[in-house]
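So the chains spell out like this:
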Amino acid sequence: MTILVVIEHDNNTIKQSSLSTISAAKKIEDNVEAIILGKDMNSAVNDLKKCDHLKKIYTVDDKMFENPIAENLSSAIAKFIDGKDFSHILSPSTTFGKNMSPKLSALLDVQQISDITNIISSDTFERPIYAGNAIAKVRSNDKVKVITVRPTCFEPCGKNSEIDSQELVLDIDVNGNVSFVKYDQSKSDRPELTSAKIVISGGRGMQNGDNFRLLEGIADKLGAAMGASRAAVDAGFVPNDWQVGQTGKIVAPDLYIAVGISGAIQHIAGIKDSKFIACINKDEEAPIFNFSDYGLVGDLFEVLPQLEEKL
Amino acid sequence: MKALVCVKRVIDYNVKIRVKADKTGVETENVKMSMNPFDEIAVEEAVRMKEKGLIDEIIVLSIGTDKSQETIRSGLAMGGDRGILVKTDNEQIEPLNVGKIIQTICKKESPDMVILGKQAIDDDCNQTGQIVATLLGYPQATFASEVKKNDDNTIDVTREVDGGLETIRIAIPCVITTDLRLNEPRYASLPNIMKAKQKKIEVVEIQTFGIDIKNRLDILEVNEPPERKPGIKVQDVESLVNKLKNEAKIL
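Procedures and definitions
Residues numbered from 1 in each chain as written. Chains lettered and ligands numbered in written order. Predicted model: local features only at pLDDT ≥ 70, side-chain atom pairs only at ≥ 80, totals over all residues. Heavy atoms only, no water. Helix = DSSP H or I, 4+ residues; strand = E, 2+ residues; numbered from the N terminus. Rg over C-alpha atoms; globule rule 2.2 N^0.38 Å. Buried < 20%, exposed > 50% of the residue type's maximum accessible area, 1.4 Å probe, protein only. Contact = heavy atoms within 4.5 Å. Areas by Shrake-Rupley, 256 points an atom, 1.4 Å probe, with all protein chains shown as cover. Lys, Arg positive; Asp, Glu negative; His and termini not counted. Charge placed at Lys NZ, Arg CZ, Asp CG, Glu CD. Pairing = 2+ DSSP bridges. Arc of directions from axis to C-beta. Polar contact = N/O pair within 3.5 Å; in protein donor to acceptor, adjacent residues only side chain to side chain. Salt bridge = Lys/Arg side-chain N within 4 Å of Asp/Glu carboxyl O. Domains from an automatic or database assignment. Buried area = accessible area lost by both parts, 1.4 Å probe. Axes fitted to C-alpha atoms, helices over the stretch in contact; angles between N-to-C directions.

J.: Would you mind showing me how to read the overall build of chain A here?
T.: A tally of helices and strands in chain A yields nine helices and 16 strands. Its C-alpha atoms give chain A a radius of gyration of 21 Å, near enough to 19 Å, the size a compact globule of 311 residues would have. Counting every position in chain A, which comprises 311 residues, the buried fraction comes to 60%. Here the contacts in chain A between residues at least 6 apart in sequence split such that 66% fall between residues at least 24 apart. For chain A, the computed accessible surface area is about 12300 Å², with 42% contributed by carbon and sulfur atoms. Here chain A contributes 33 positive and 43 negative side-chain charges, whose respective centroids are spaced 2 Å apart.

J.: Would you explain the sheet that holds strand 6 (residues 118–119) of chain A in this entry?
T.: Strand-to-strand pairing in sheets goes through backbone hydrogen bonds, with the strands running parallel or antiparallel. Taken in spatial order, the four strands line up as 6(A)-7(A)-8(A)-12(B) in an open sheet, and their pairing is antiparallel. The two strands at the open ends of the sheet, each matched to only one other strand, are strand 6 of chain A together with strand 12 (217–223) of chain B. Where strand 8 (residues 134–140) of chain A and strand 12 of chain B come together, six bridges link them in antiparallel fashion. In the sheet register, A:Val138 faces strand 12 of chain B, and the bridge partner there is B:Ile219.

J.: Would you take a moment to explain the environment of B:Arg216 for this structure?
T.: As for its position among the elements, B:Arg216 is in the loop between strand 11 (201–205) and strand 12. Given a relative accessible area of 19%, B:Arg216 falls into the buried group. Expressed as a C-alpha distance, the spacing of B:Arg216 and B:Val203, which sit 13 residues apart in the sequence, is 26 Å. Not counting residues within four places of it along the chain, the set of residues in contact with B:Arg216 comprises A:Asp109, A:Val110, A:Gln111, A:Arg139, A:Ser140, A:Asn141, A:Asp142, B:Glu94, B:Leu96 and B:Lys100.

J.: How do you make sense of helix 9 (residues 300–310) of chain A when you look at a structure like this?
T.: Helical geometry: 3.6 residues make up each α-helical turn, so side chains three or four residues apart lie on a common side. Buried within helix 9 of chain A are the following residues: A:Leu300, A:Val303, A:Leu304 and A:Leu307. Viewed along the axis of helix 9 of chain A, the buried residues span an arc of 100°, placing them on a single side of the element. Among the exposed residues of helix 9 of chain A, those oriented more than 90 degrees off its buried face are A:Glu302 and A:Glu309. Where helix 9 of chain A is buried, its residues contact helix 5 (213–222), strand 14 (255–259), strand 15 (276–281) and strand 16 (294–297) of chain A together with helix 6 (237–246) of chain B. By the N-cap criterion, in which a side-chain oxygen at the helix start approaches the backbone nitrogen of a residue two or three places on, helix 9 of chain A is capped by A:Asp299, the distance to A:Phe301 being 3.0 Å.

J.: Would you mind going over the side chain of A:Lys145 with me for this structure?
T.: Residues and elements named next belong to chain A. Positionally, Lys 145 belongs in strand 9 (residues 145–149). Despite its burial, Lys 145 remains without a salt bridge, the nearest opposite charge being carried by Asp 123 at 5.4 Å. Once residues within four sequence positions are removed from consideration, Lys 145 is found in contact with Ser 87, His 88, Ile 89, Ile 113, Ser 122, Asp 123 and Ser 140.

J.: Quick question: what am I supposed to make of the domain arrangement of chain A here?
T.: Accessible area lost during the coming together of the parts is what is often quoted as the interface size. All names here are of chain A. When the domains of chain A are assigned, the result is domain 1 (2–167) and domain 2 (193–310). Summarising the inter-unit geometry, the C-alpha centres of domain 1 and domain 2 are found 31 Å apart. Each side of the interface is counted separately: domain 1 has seven residues, and domain 2 has 10 residues. Taken together, the two surfaces of domain 1 and domain 2 that pack against each other cover about 660 Å², and 55% of this comes from carbon and sulfur. Among the residues of domain 1 in contact with domain 2, Ala 131, Arg 150 and Thr 152 are the three that bury the most area, contributing 64% of the side total.

J.: Could you clarify how one ought to interpret the pairing of strand 7 (residues 124–129) of chain A in this entry?
T.: Working note: regular strand, side chains alternate between the two faces of the sheet. All names here are of chain A. For strand 7, a buried count of six out of six residues is recorded, marking the element as mostly surrounded by other parts of the structure. On strand 7, burial covers both faces: Thr 124, Glu 126 and Pro 128 on one face and Phe 125, Arg 127 and Ile 129 on the other are all buried. As paired strands, strand 6 and strand 7 are joined by two bridges and run antiparallel to one another. Bridge pairing in strand 7 links Ile 119 to Phe 125.

J.: Any chance you could explain the pattern of salt bridges here in plain terms?
T.: In a structure, side chains of opposite charge can pair up when their charged atoms sit close to one another. Inspection of every chain in the model, using the stated rule, returns 38 salt bridges over all chains. Two residues, A:Lys26 and A:Asp30, come together in a salt bridge whose shortest N-O distance is 2.9 Å. Using a relative accessible area of 43% as the deciding quantity, one classes A:Asp30 as partly exposed. Between A:Lys63 and A:Glu66 there is a salt bridge; the shortest N-O distance is 3.1 Å. By relative accessible area, A:Glu66 is classed as partly exposed at 38%. The network of salt bridges with common partners includes B:Lys2, B:Glu57, B:Arg82, B:Lys108, B:Glu109 and B:Glu202.

J.: Whenever I open this one, the sheet that holds strand 1 (residues 3–6) of chain A confuses me. Can you help?
T.: Residue and element names in this part refer to chain A. Judged by pairing direction, the sheet is parallel, and its seven strands sit side by side in the order 5-9-4-1-2-3-10 without closing on themselves. Since the sheet does not close on itself, it has two edges, and those belong to strand 5 (113–116) and strand 10 (165–167), each with one partner. With strand direction ignored, the average angle separating the axes of adjacent strands in the sheet is 25°. Note: strand 4 (residues 88–92) against strand 9, five bridges, orientation parallel. Paired with Pro 92 across the two strands is Val 149, which belongs to strand 9. Of the strands in this sheet, strand 1, strand 2 (32–38), strand 3 (54–61), strand 4 and strand 9 touch helix 1 (residues 16–28), which is tilted by about 150° from strand 4.

J.: Explain the interface of chain B and chain A to me, please; I cannot follow it from the model alone.
T.: Every contact between the two is made by 72 residues of chain B and, on the other side, 82 residues of chain A. When the two sides are added together, the surface that chain B and chain A hide from each other amounts to roughly 6900 Å², 55% of it contributed by carbon and sulfur. If you look at where chain B meets chain A, you find seven salt bridges. Between the two partners, chain B and chain A, sit 48 residue pairs in polar contact (both at pLDDT 80 or more). Ranked by the residues each element gives to the side of chain B that touches chain A, the list is headed by strand 9 (residues 164–171) of chain B, at eight residues. For strand 16 of chain A and strand 13 (residues 232–234) of chain B, the ladder comprises three bridges, and the chain directions are parallel. Bridging from a neighbouring strand, A:Leu296 pairs with B:Val234 of strand 13 of chain B.

J.: Could you clarify how one ought to interpret helix 5 of chain A in this entry?
T.: Residues and elements named next belong to chain A. Restricting attention to buried positions, one finds in helix 5 the residues Leu 215, Gly 217, Ile 218, Ala 219 and Leu 222. Among the structural elements, strand 12 (198–202), strand 13 (225–228), strand 14 and helix 9 are those in contact with the buried residues of helix 5. The first or second residue beyond helix 5 is Gly 223, which carries a positive phi of 65°.

If you want it as structure tokens, here you go:
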């Protein structure tokens with residue numbers, strides 16, 4: 001058995017999601033190889049070369065991979081694996097992997113196993129369904145297993161190795177029916193939501209976007225990432241990529257602090273793998289208290305300044 | 001332009017699901033069912049495009065048992081023109097096979113735009129749109145938060161991706177999957193619900209497709225997720241900080 005991991009990166013560095021995916025691959029089998037497709041991505045490749053567990057690295061450097069267009073990525077990977085004997089193709093279950101990997105499964109005529117959270121054996125996996133309110137144990141009967149991996153469920157691999165990479169030239173046509181227009185990156189100096197050790201999120205109780213400043217001071221002191229509930233995002237308090245929950249980002253930090261968040265099941269689905277959950281809410285009946293290790297009943301506008309001072 | 005909207009009948013968003021005692025799945029008997037919320041957004045987007053004169057006809061497609069006719073009807077009440085039900089007894093057809101069925105329908109109907117939710121809230125697979133696009137060779141725009149038709153038979157789609165928003169331009173015919181913030185679906189008015197009863201739903205038996213719909217994945221068991229241990233309430237900020245420092249040892 002040989003596993004191929006499709007690496008997510010920004011042409012500069014390897015995304016943490018890929019490090020977790022490599023760890024998941026290693027749990028299935030020792031023979032792990034990686035493919036990285038991009039443009040002018042030397043520093044990303046150098047980063048990848050340090051990753052533990054990899055036996056081989058394939059690089060594809062071409063203008064068509066400057067931006068992650070799913071059509072080009074999936075045709076290239078399908079072309080590369082044609083005639084080779086990969087048993088599993090793993091990608092992170094991020095918007096990158098979710099966009100591209102099902103296309104690969106369709107090209108190979110196999111049924112993808114989405115968003116696995118646990119590995120039972122080389123063909124049996126656990127994955128959450130119904131927003132994590134149930135866990136399905138599934139066995140794949142396909143010859144090649146195309147899988148997306150939930151990054152927060154696997155520790156990122158270390159970077160203590162040094163292996164060579166092998167450059168590939170894949171003769172494929174650029175898909176002319178899709179073109180990249182632009183990418184608007186949300187600006188933030190804070191750690192990424194999905195990989196931060198501490199996350200502090202605000203909900204509808206924050207009342208407006210300006211009040212999120214009350215969380216900023218605390219986030220700065222703790223080195224925390226900032227998030228929000230769907231209610232706060234829908235109300236326009238903060239940008240959409242702050243959303244934590246079933247349909248937003250799944251996080252599993254050491255500490256999750258929920259402020260003014262009632263705790264809808266869809267939100268809980270996105271945070272319940274956190275090591276510790278603390279909440280601040282003025283409604284002591286709010287469901288969030290049932291999921292929190294430490295709950296503080298109080299008015300967040302009084303509590304937050306005190307908290308910032310005490311830290 | 002002709003739009004094909006694919007809708008799935010799922011357990012209602014607000015129902016707290018129960019895992020069956022024999023671990024074979026989730027209880028669906030006597031549970032409120034609705035259209036998958038992401039598919040509702042897809043219907044709404046198609047209807048808005050029709051209202052702007054960009055689309056002439058909206059077909060609402062579902063694959064499922066006879067009961068899925070209700071789901072198609074709610075799409076028709078929102079503004080769909082006609083429905084197609086691909087009838088099957090197997091309630092858990094996998095995305096790959098769903099994709100193949102939609103591919104066959106597309107060959108017959110030749111829609112300019114296939115639009116559907118980015119994922120169903122039951123199996124949370126997030127695959128069908130991508131599979132349909134691949135099988136048909138249409139470009140895809142997943143996780144759409146804005147859809148803008150250009151004059152030259154292309155569509156600009158803003159996509160919700162990790163770390164921000166990406167815009168891509170895709171040529172028609174295409175596949176679009178919808179994210180939450182694309183629009184807010186309307187409630188169908190009573191007159192429209194009555195009118196939808198007159199709209200035609202074509203029922204096709206799945207056997208006529210000649211597609212092997214056997215599942216590739218065996219569901220060995222379905223379990224409750226591990227419960228979080230109940231926590232405690234703290235009295236004030238000081239004791240919260242204290243707990244985080246000394247008990248959780250995080251700060």
